[in-house]
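Close look at the chain arrangement
Okay, here's what each chain looks like letter by letter:
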Amino acid sequence: MKMFTAQVLILFLSVTFIHGEAVLSQSPTVVSVSPGEKVILECSVKNGNVDTLYMQWIRQTPGKKPEGVMGFKKGQINRPSAIPNRFFPSTNTARSSFVLTVSNIQEEDDSVYYCFLFYGSSGIQSWGEGTRIKVLKSGLPRPIIQLFPPPKGESSSADSVTLTCLVSGFFPGFIEVKWSMDGAVVTEGVHTSPVSLGSIDGNTYVVSSYMKLPATDWETHNVFSCTALHESSQTPVTGSITKDKC
């Protein structure tokens, strides 16, 4: 795979100190890169000494446990065995920042990366807000939506009803699920579970979402829709049910 030596982007991650020692800013939340390119994550520390602090980098991929990427203090690198040398930490004293350089980006690098400080004596933890490295890839699996109406007994006897939306078969695991009722977006009464790996192949993801609404809304509206926003599709993927056909 061709290597790109040009820097793609500098990401500014933030850590907010509880006792006012430092206040940091973070942007952006997502950076898109192609395989083979390079990304530099910069965790800026104002009013803090980057030469003495011990910074940790952690990443979170949907459906998986948080993974330690790197522990770093000037002159000391703690790299887990599963993390390749493509990940390299450093400091920029002039900018008062910690830097994590990720070279030759690979598909498996797609994750949300956090800078993290832990004060052992006080137990205080300070986290950056996190930035996703989004690795661009064509032909990604699109979400498949299955939308279920409330059980017939529930819709006729209860004060509220629940619709269920199962979204499956998508990759990677970053997705947003929205609900609407006769074309109007609904946010109240909506709960979406954490994304998890699919139980059949383990290579795609699944998420379930629920919309609980008053029974009167079920009776007085007709079209109920669940929409998935995912990078595999330039347009939203929507599933709908019509009450008079249930």
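Since we're looking at a predicted model, the values are computed, not measured.

**Topic: the layout of surface pockets**
Size it by volume and the largest pocket reaches roughly 350 Å³. In this structure, the largest pocket is lined by 23 residues; those nearest its centre are Thr61, Lys64, Glu108, Asp110 and Phe171. Of the residues in the lining of the largest pocket, the class split is eight nonpolar, six polar and nine charged.

**Some thoughts on the side chain of Thr227**
One can find Thr227 in strand E19 (residues 223-229). With a relative accessible area of 15%, Thr227 lands in the buried category. At 2.9 Å, the side chain of Thr227 forms a polar contact with the side chain of Thr238. Other than its neighbours up to four places away in sequence, Thr227 contacts Ile145, Glu176, Val177, Lys178, Pro236, Val237 and Thr238.

**A closer look at the packing of aromatic side chains**
Using the criterion set out here, one finds seven aromatic pairs in the structure. With a centroid separation of 6.0 Å and an interplanar angle of 85°, the aromatic rings of Tyr114 and Trp127 are classed as edge-to-face. Here Tyr114 is found in strand E9 (residues 111-119), whereas its partner Trp127 is found in strand E10 (residues 124-127), with 13 residues between them in sequence. Using a relative accessible area of 39% as the deciding quantity, one classes Trp127 as partly exposed.

**What about the state of the cysteines?**
Such a bond, covalent and formed between the sulfur atoms of two cysteines, is termed a disulfide. Applying the stated rule across the entire model yields two disulfides. Put simply, Cys43 and Cys115 are joined by a disulfide, and their sulfur atoms are 2.4 Å apart. Sign of the S-S torsion, about 65° for the bond between Cys43 and Cys115, identifies this disulfide as right-handed. Residue Cys43 is found in strand E3 (residues 38-44), and its partner Cys115 is found in strand E9; the two are separated by 72 residues along the sequence. The burial state of Cys43 is the same as that of Cys115; both residues are buried. The connectivity of the disulfides in the protein is 1-2, 3-4, where the numbers refer to bonded cysteines in sequence order.

**Describing the environment of Thr164**
Relative to the helices and strands, Thr164 is located in strand E13 (residues 160-170). For the pair Thr164 and Pro149, spaced 15 residues apart in the sequence, the C-alpha separation amounts to 6.7 Å. Setting aside its immediate chain neighbours within four residues, Thr164 contacts Gln146, Leu147, Phe148, Trp179, Ser209 and Tyr210.

**Thoughts on the sheet that holds strand E20 (residues 237-242)**
Backbone hydrogen bonds hold the strands of a sheet together, and the pairing may be parallel or antiparallel. Strand order in the open sheet made by the four strands is E15-E14-E19-E20, with antiparallel pairing throughout. Both edges of this open sheet fall to strand E15 (184-186) and E20, since each of them pairs with a single strand only. Each neighbouring strand pair of the sheet contributes to a mean axis angle of 30°, computed without reference to strand direction. Relative to E20, E19 runs antiparallel, the two sharing six bridges. Counted as the bridge partner of Phe224 is Ile241 from E20.

Thresholds applied
- Numbering of residues begins from 1 in every chain and follows the order in which that chain's sequence is written.
- Per-residue local features are limited, in this predicted model, to residues with pLDDT of at least 70; the limit for side-chain atom pairs, both in listing and counting, is 80 or more; totals at the level of whole chains, interfaces and linings are taken over all residues.
- Excluded from the side-chain calculations are hydrogens and water; all other atoms, namely the structure's heavy atoms, are used.
- In this analysis, the protein atoms alone were mapped onto a 1 Å grid. Cavities are point sets where a 1.4 Å probe fits without being able to get out; pockets are open sets with protein on both sides within 12 Å along at least five of seven lines; lining residues have an atom within 4 Å of a point.
- Grid points are joined across faces, edges and corners, and a volume is the space filled by probe spheres set on the points.
- Each residue receives one of three labels: charged for Asp, Glu, Lys and Arg, nonpolar for Ala, Val, Leu, Ile, Met, Phe, Trp, Tyr, Cys and Pro, and polar for the others, Gly being one of them.
- Think of it this way: any DSSP run of H or I at least four residues long counts as a helix, any run of E at least two long counts as a strand, and we number them from the N terminus.
- Throughout this description, buried means an accessible area under 20% of the type-specific maximum (1.4 Å probe, protein chains only), exposed means over 50%, and partly exposed covers the range between.
- A 3.5 Å cut-off defines polar contacts: any pair of N or O atoms within that distance qualifies, except that in protein one atom must be a possible hydrogen donor and the other a possible acceptor, and neighbouring residues in sequence count only when both atoms are side-chain atoms.
- Contacts are residue-level and defined by heavy atoms, with any inter-residue pair within 4.5 Å sufficient.
- To pair, rings of Phe, Tyr and Trp, with the six-membered ring standing in for Trp, must have centres within 6.5 Å; the planes then decide the type, stacked if under 30 degrees apart, edge-to-face if over 60, and tilted in the middle.
- Two cysteine sulfurs form what is called a disulfide whenever their separation falls within 2.5 Å.
- We treat two strands as partners when DSSP finds at least two bridges between them.
- A fitted line through C-alpha atoms represents every axis, and for helices the fit uses only the stretch in contact; the resulting angles, taken between N-to-C directions, go from 0 to 180 degrees.

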